[in-house]
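One letter stands for each residue in the lines below.
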Amino acid sequence: MKREHIGQTWPALSLLLAILLPGPGAALTVGDQAPKFSLPSVDGQTISLGDYAGSVVVLEWINPNCPFSRRHAREKTMIYLAQDHPDVVWLAINSTSRGHGDYLSPAEHRAYDEQMGIPYPVLYDSDGTVGRAYGARTTPHMFVIDEQGTVIYAGAIDDDPSGAKPPDDRTNYVAGALRNHVRGETPDPAATRPYGCSVKYGN
Amino acid sequence: MPVTLDATPRRAPIAMHRRNLLLVVALEMSATVAWAAAGPWVQHPQVRARLIGVWNPAAGDEGLLLGAQFRLADGWHAYWKNPGDAGYPPRFTWSSRPALQDVRVLWPAPRRFLLPGDLEALGYADEVIYPVRARIQDPVDHPIEIASEIDYLVCADACIPYRDKLTLEIPTDGIEARHETDLRRLRQWERSVPSRTAAGGRSPASIRIQGERMIVRFDDLDAGAEAPALFFAVQPLFDLGVPTPLPGESLVYAVPIRRTDKTHGLPPTARFDWTLVTPPNAAQQSLEGSVEVRLKAGDGEATR
């Protein structure tokens, strides 16, 4: 293994890079302010993040046609967690493009939500603007936002991508982040690698 | 007891187990033989999977070579050790008689699949054989029975997770030659595993982080006409974007880099495990290695 010290090498590359290489995009880092949004729900209401200023908000990227979203809905992973934290606002966001085969119409989505017993609002982000702003990559991909609007956790729901572990043996990162936050502690881990299907953005 | 034969294999009765044809194949350029087998395929609409393997008792610790073979339907891919923005790599749980020791799954050189939304997947299309090196204790006087429970994901436009139990029985006697093609493919995939530069001397890579960009330079390599593709293993402190070769530079790449979390401090250093994949038939073999980079405040953060 080689240790490379930051030095004064390649000075010309800095200027070249500034011209040639795009930045890493608008995706955020834990500790950033959460991008604001207003999105339509499957029930036809408009819901804004700003409506919940002063509350802890959990965002869950969802796609009912993704096996990972379906498994967690079937196992009620998020539903039980939301019920355990009634003071936390839970919003699901579906960024599937309208042209993608996984896209569900509002009626289809409502039927799925009802079948799975999803009690919280599900929002449409069909053009992917909000998903891209958050850097949502997978379904599910979770974000926890504190009362001041700062992202305090981003990543996977738990440590079991394949669902091989019994639910009680899994480490639920979102539950841990909420627990830390209630105690006044910084979530640790605050960032994990999300798993699941890729978010079905349009081109 | 294992049997060592001369260079001319002799015919002997074959034991049949399930759909396996058990076999003994003369190793290339070797006076010894290796026993080999292919397990039954597990079939799904998008993928079929099986274990293949060869055991050469004369080769000592390098004597056992297994392969988890996946054949994918058109448009589907399986994953590398870093799956990219979504998915996950296959996870293997091994059981065997006699017990396997020091099991090492090897990761052949991956491809990059660009997905809508500036996402990427890293893995394999059409076919992949993940080579697996392991040891068994000598002597072995009965067939080697191996099973692997594999959690894996295949994706196209959709993703399907599977959990399959693959089995393999490698005989310790008998002769058959029908699986030479499978073994050749297994060895080809093993050769496509990037070699560790540490074994050959100094690492050719150096890395410098400048705010939200990382510059990776390779020295002392034969670049060839086509720029090799650069990949990284998962780096928990940073999200890394798609490496871009810098025009006019030989083997210099720019990589978007962003901290995953700025609510915790950075450690003094971070290790970046890189893989440089050369085109087929290139003079330079694919390589992998590690660079430990000293970090400073602001690394991986926007400089605007």
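Keep in mind that this is a model prediction, so the values were computed, not measured.

A. Representation of the overall build of chain A within the structure. Helix and strand counts for chain A stand at six helices and ten strands. For chain A, contacts bridging at least 24 residues in sequence account for 76% of all contacts bridging at least 6.

B. Region of the structure containing the interface of chain B and chain A. Taken together, the contacts link 58 residues of chain B with 51 residues of chain A. Taking both partners together, chain B and chain A bury about 4,700 Å²; carbon and sulfur atoms supply 58% of that area. The largest share of the area that chain B buries against chain A comes from R208, R213 and R258 of chain B, three residues that together contribute 14% of it. Connecting chain B to chain A are three salt bridges. Residue D239 of chain B pairs with R137 of chain A through a salt bridge whose shortest N-O separation is 3.4 Å. Summed over the shared surface of chain B and chain A, the result is 13 residue pairs in polar contact (both at pLDDT 80 or more).

C. Quick peek at the packing of helix α2 (residues 67-75) of chain A against helix α3 (residues 77-84) of chain A. Residues and elements named next belong to chain A. Contact pair α2 / α3: the axes reach a minimum separation of 5 Å and the direction vectors enclose 50°. The angle between the axes of α2 and α3 places the two elements in the oblique class. Side by side, α2 and α3 meet where H72, A73 and E75 of the first sit next to T77, M78, I79 and Y80 of the second. Of the residues belonging to the contact of α2 with α3, the class tally is four nonpolar, two polar and one charged.

D. Seen up close, the packing of aromatic side chains. All names here are of chain B. Using the criterion set out here, one finds 23 aromatic pairs over all chains in the structure. When the centroid spacing of 5.6 Å and the interplanar angle of 90° are considered together, the rings of Y124 and Y130 count as edge-to-face. An aromatic cluster of at least three residues, connected via ring pairs, comprises F70, F92, W94, W107, Y124, Y130, Y152, Y162 and W189.

E. Focus on the state of the cysteines. Residue and element names in this part refer to chain A. Going through the model one piece at a time under the given rule, you end up with two disulfides over all chains. The disulfide partner of C66 is C197, and the S-S distance across this bridge is 2.2 Å. A torsion of 90° about the S-S bond marks the disulfide between C66 and C197 as right-handed. Taken together, the positions of C66 in the loop between β4 (57-61) and α2 and C197 in strand β10 (residues 197-198) put the pair 131 residues apart, joining distant regions of the chain. The same class applies to C66 as to C197, namely buried.

F. Inspection of the side chain of E127 of chain B at higher detail. All names here are of chain B. With respect to the helices, strands and loops of the structure, E127 is situated in strand β13 (residues 127-135). When its relative accessible area of 9% is taken as the criterion, E127 is described as buried. Only 2.3 Å separates the side chain of E127 from the side chain of R185, close enough to count as a polar contact.

G. Seen up close, the sheet that holds strand β8 (residues 142-145) of chain A. All names here are of chain A. If you trace the five strands from one edge of the open sheet to the other, you get β6-β5-β4-β8-β9, paired in mixed fashion. At either margin of the open sheet sits one strand with a lone partner, and together these are β6 (122-124) and β9 (151-155). The average undirected angle you get between the axes of adjacent strands in this sheet is 20°. Looking at chain direction, β4 and β8 are connected through four bridges and run antiparallel. When the sheet's bridge partners are listed, L59 is paired in β8 with F143.

H. Focus on the nonpolar core. By size, the foremost hydrophobic cluster in this structure holds 48 residues, and its most contacted members are L66, F70, Y130, I146 and I170 of chain B. One finds V88, M116 and V174 of chain A together with Y88 of chain B within the second-largest nonpolar core, a separate group that totals 42 residues.

I. Examining unusual backbone geometry more closely. Geometrically, the link from T139 of chain A to P140 of chain A is a cis peptide bond, its omega value of 0° lying close to zero. Mapped onto the elements of the fold, P140 of chain A is located in the loop between β7 (138-139) and β8. One non-glycine residue, D126 of chain B, lies in positive phi territory at about 70°. As for its position among the elements, D126 of chain B is in the loop between β12 (119-125) and β13. Residue L251 of chain B is not a glycine yet carries a positive backbone phi of 60°. In this structure, L251 of chain B sits in the loop between β21 (244-245) and β22 (252-259).

J. Expanded view of the confidence of the model for chain B. All names here are of chain B. The predicted model of chain B averages 84 in pLDDT, with 84% of residues at 70 or higher. Across residues 1-31, where pLDDT falls below 50, the model places 80 contacts with residues more than four positions away in sequence or in other chains. Across the whole predicted complex the pTM is 0.85, and at the interface the ipTM reaches 0.84.

K. Geometry of the pattern of salt bridges. Residue and element names in this part refer to chain A. Enumeration according to the criterion identifies 21 salt bridges over all chains in this entry. When the shortest N-O distance is used, the salt bridge between R71 and E75 registers 3.2 Å. Of this pair, R71 and E75 both sit in helix α2, four residues apart, which is roughly one turn of the helix. Owing to a relative accessible area of 9%, R71 belongs among the buried residues under this scheme.

What counts, and where the lines are drawn
- Residues numbered from 1 in each chain as written.
- Chains lettered and ligands numbered in written order.
- Predicted model: local features only at pLDDT ≥ 70, side-chain atom pairs only at ≥ 80, totals over all residues.
- Heavy atoms only, no water.
- Helix = DSSP H or I, 4+ residues; strand = E, 2+ residues; numbered from the N terminus.
- Contact = heavy atoms within 4.5 Å.
- Buried area = accessible area lost by both parts, 1.4 Å probe.
- Salt bridge = Lys/Arg side-chain N within 4 Å of Asp/Glu carboxyl O.
- Polar contact = N/O pair within 3.5 Å; in protein donor to acceptor, adjacent residues only side chain to side chain.
- Axes fitted to C-alpha atoms, helices over the stretch in contact; angles between N-to-C directions.
- Parallel < 35°, antiparallel > 145°, perpendicular 65-115°, else oblique.
- Nonpolar A, V, L, I, M, F, W, Y, C, P; charged D, E, K, R; others polar.
- Phe/Tyr/Trp six-rings, centres within 6.5 Å; stacked < 30°, edge-to-face > 60°.
- Disulfide = S-S within 2.5 Å.
- Buried < 20%, exposed > 50% of the residue type's maximum accessible area, 1.4 Å probe, protein only.
- Pairing = 2+ DSSP bridges.
- Core = buried A, V, L, I, M, F, W, Y, C linked by side-chain atoms within 4.5 Å.
- pLDDT = per-residue confidence, 0-100.

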